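Examination of the molecular architecture
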Amino acid sequence: MSLPKTLAEDVARNLVMVARLIDEDPEEAYGYSRVALRLASRVAAVREAAGFAAYATQKYGEALAEFRAAKRMTGSVELWPVMADCERGLGRPERAMAMAGEPEVQKLDKAGQVEMRLVAAGARRDMGQIDAAIVTLQSPELASNAVHPWTPRLRYAYADALLEAGREDEAREWFAKALESDKDGATDASDRLAELDGVEFVDALDGDEEDAPATAPAEQHAAPAAQGTDTAVDIADDDIADDTEGEDRDDVDDADEDDTDELNAWADRADAAAEATPAAEQSTGHGTEQPDADGPAKA
């Protein structure tokens, strides 16, 4: 679906903010995603970005509805693993397991299949089936010495499952392998290894703070005013009806005046932030990476 130029630019600015904030401030990113959703609810990239923002704030029911809508619009199965993980987040691991056996999994690329394996193992753990979770993670991808983007998380998940099963020596070996492959610090494998080895880290600043003279109340930095991180734009229940029924949201031209004021406030903030954003970033794509598929619970 194409948008008028001005509207497309407004949507793009909000999606840029979603991509920039989703890791460091998920609630803020969520607010921008709702603005984009109001502006272009029939654009698949907007629905997908809104899904990831909801997922990042643990609004799994909402995220699942957005992912289903995006999947219906594009016909792609790329979001299948994170959709299954939303089922876990909603406390339905058996549904996640059922999804792991669906034909859609065979259509995923290698990265997607690894994500699905992580989600399935997490679902097994949710159901208390730790041994089955370990077996689920055992795969050619786990045994391979080659390092791929998914390698650290796969090894980490396997180590964590081994540790839960009481196989501490094996767990330590796999945490070490996860650390070896984790050049970007995607996991806390180093901390887990240190914990197993009985190493305790002490913040050097703690001692300095204890020795430092007390700061007069007038000199202390005032805490920054808390910014509202609740949803900036609450969409009425009928606007976010479950997409499993195959219905798109109704147009939101009749939003009330207060809701419009909130929308404008978010849009103004997006405009201000976008001025510092390189033009190359302001595309109509959402720019977010797929969150870890083992988010709701450990894989």
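You'll find the structure just up there.
The text that follows walks through the structure, step by step, so that each part is easy to find. Please read these numbers as outputs of a predicted model, since none were measured by experiment. (Residues numbered from 1 in each chain as written. Predicted model: local features only at pLDDT ≥ 70, side-chain atom pairs only at ≥ 80, totals over all residues. Heavy atoms only, no water.)

**Observations regarding the overall build of the chain**
Keep this limit in mind: Here a strand is any run of E in DSSP of at least two residues, a helix any run of H or I of at least four, and the numbering for each starts at the N terminus. Whether two residues are in contact is decided by their heavy atoms: any pair within 4.5 Å suffices. Only the protein chains shown count as cover for residues, and all accessible areas are computed by the Shrake-Rupley method using a 1.4 Å probe.
Helix and strand counts for the chain come out as 14 helices and 0 strands. In sequence order, the secondary structure elements of the chain are arranged as α-α-α-α-α-α-α-α-α-α-α-α-α-α. The contacts of the chain with a sequence gap of at least 6 include a subset with a gap of at least 24, amounting to 66%. A total accessible area of about 16,000 Å² is found for the chain, and carbon and sulfur atoms account for 46% of it.

**Concerning the packing of aromatic side chains**
The following threshold applies: Only rings of Phe, Tyr and Trp enter the pairing, Trp through its six-membered ring, and a pair is recorded when the two centres are within 6.5 Å. The plane angle decides the type: under 30 degrees is stacked, over 60 is edge-to-face, the rest tilted. For the exposure calls, accessible area comes from a 1.4 Å probe over protein chains only, and a residue counts as buried if that area is under 20% of its type's maximum, exposed if over 50%, partly exposed in between.
Applying the stated criterion to the full structure yields 4 aromatic pairs. Ring geometry for Tyr55 and Tyr60: centres 5.8 Å apart, planes at 80°, overall edge-to-face. When sorted by exposure, Tyr55 lands in the same class as Tyr60, which is buried. On the basis of an interplanar angle of 70° and a centroid distance of 5.3 Å, the ring pair of Tyr156 and Phe175 is categorised as edge-to-face.

**Remarks on helix H11 (residues 168–181)**
Quick reminder of the rule: Expected helix span is computed as 1.5 Å times (number of residues minus one). Each direction from the helix axis to a C-beta atom contributes to the arc, which is the arc of those directions.
In this model H11 runs 20 Å from its N-terminal to its C-terminal C-alpha over 14 residues, within 8% of the 20 Å that 1.5 Å per residue would give. Residues of H11 that are buried include every one of Ala171, Trp174, Phe175, Ala178 and Ser181, and no others. Take H11 and look down its axis: the buried residues cluster within an arc of 125°, on one side only. Exposed residues pointing more than 90 degrees away from the buried face of H11 are listed as Asp169 and Glu180. Contacts from the buried residues of H11 go to helix H9 (140–143), helix H10 (151–164) and helix H12 (189–196).

**Regarding the environment of Ser190**
Following the sequence through the fold, Ser190 ends up in helix H12. Placed 12 residues apart in sequence, Ser190 and Ala178 show a C-alpha to C-alpha distance of 8.8 Å.

**Focus on the nonpolar core**
Basically, it comes down to this: To qualify as a nonpolar core, a set must consist of buried Ala, Val, Leu, Ile, Met, Phe, Trp, Tyr and Cys residues joined through side-chain atoms within 4.5 Å.
Counting 32 residues, the largest nonpolar core has Tyr55, Phe67, Leu79, Trp80, Met83, Cys86 and Met116 as the members making the most contacts within it. Of all the secondary structure elements, the ones that give two or more residues to this core are helix H1 (5–21), helix H2 (26–39), helix H3 (44–56), helix H4 (60–74), helix H5 (80–89), helix H6 (93–100) and helix H7 (110–126). Non-local contacts of Met83, meaning those with residues more than four positions away in its chain, are made with Leu64, Phe67, Arg68, Lys71 and Met99. Judged by nonpolar contacts, the second largest core, of 22 residues, contains Ala133, Trp150, Ala157 and Ala159.

**Digging into the packing of helix H8 (residues 130–137) against H10**
Defined as follows: In this analysis, axes come from line fits to C-alpha atoms, helices being fitted only over the stretch in contact, and the angle between any two N-to-C directions falls in the range 0 to 180 degrees. Angle categories: roughly parallel below 35 degrees, roughly antiparallel above 145, roughly perpendicular from 65 to 115, and oblique for all the rest. The hand of a helix crossing depends on one turn: near helix anticlockwise from the far one by less than a right angle means left-handed, and clockwise means right-handed. Classes in brief: Ala, Val, Leu, Ile, Met, Phe, Trp, Tyr, Cys and Pro nonpolar; Asp, Glu, Lys and Arg charged; the others, Gly included, polar.
Viewed as axis vectors pointing N to C, H8 and H10 meet at an angle of 155°, and their least axial separation amounts to 9 Å. If you check the angle between H8 and H10, you find them roughly antiparallel. Crossing of H8 against H10: the hand is left-handed. Along the contact surface, H8 presents Ile130, Ile134 and Leu137, while H10 presents Leu154, Ala157, Tyr158, Ala161, Leu162 and Glu164. Taken together, the residues that form the contact of H8 with H10 break down as 8 nonpolar, no polar and 1 charged.

**Comments concerning the pattern of salt bridges**
Condition: Here, a salt bridge means any Lys or Arg side-chain nitrogen found within 4 Å of an Asp or Glu carboxyl oxygen.
Across all of its chains, the model carries 16 salt bridges by this definition. The closest approach of N and O atoms between Glu164 and Arg125, which form a salt bridge, is 2.3 Å. Linking Glu164 in helix H10 with Arg125 in helix H7, this pair joins segments that are 39 residues apart in sequence. Assessed through its relative accessible area of 47%, Glu164 is described here as partly exposed. One network of salt bridges, with partners in common, ties together Arg125, Asp160, Glu164 and Arg192.

Function cannot be read off these values alone, since they describe shape.
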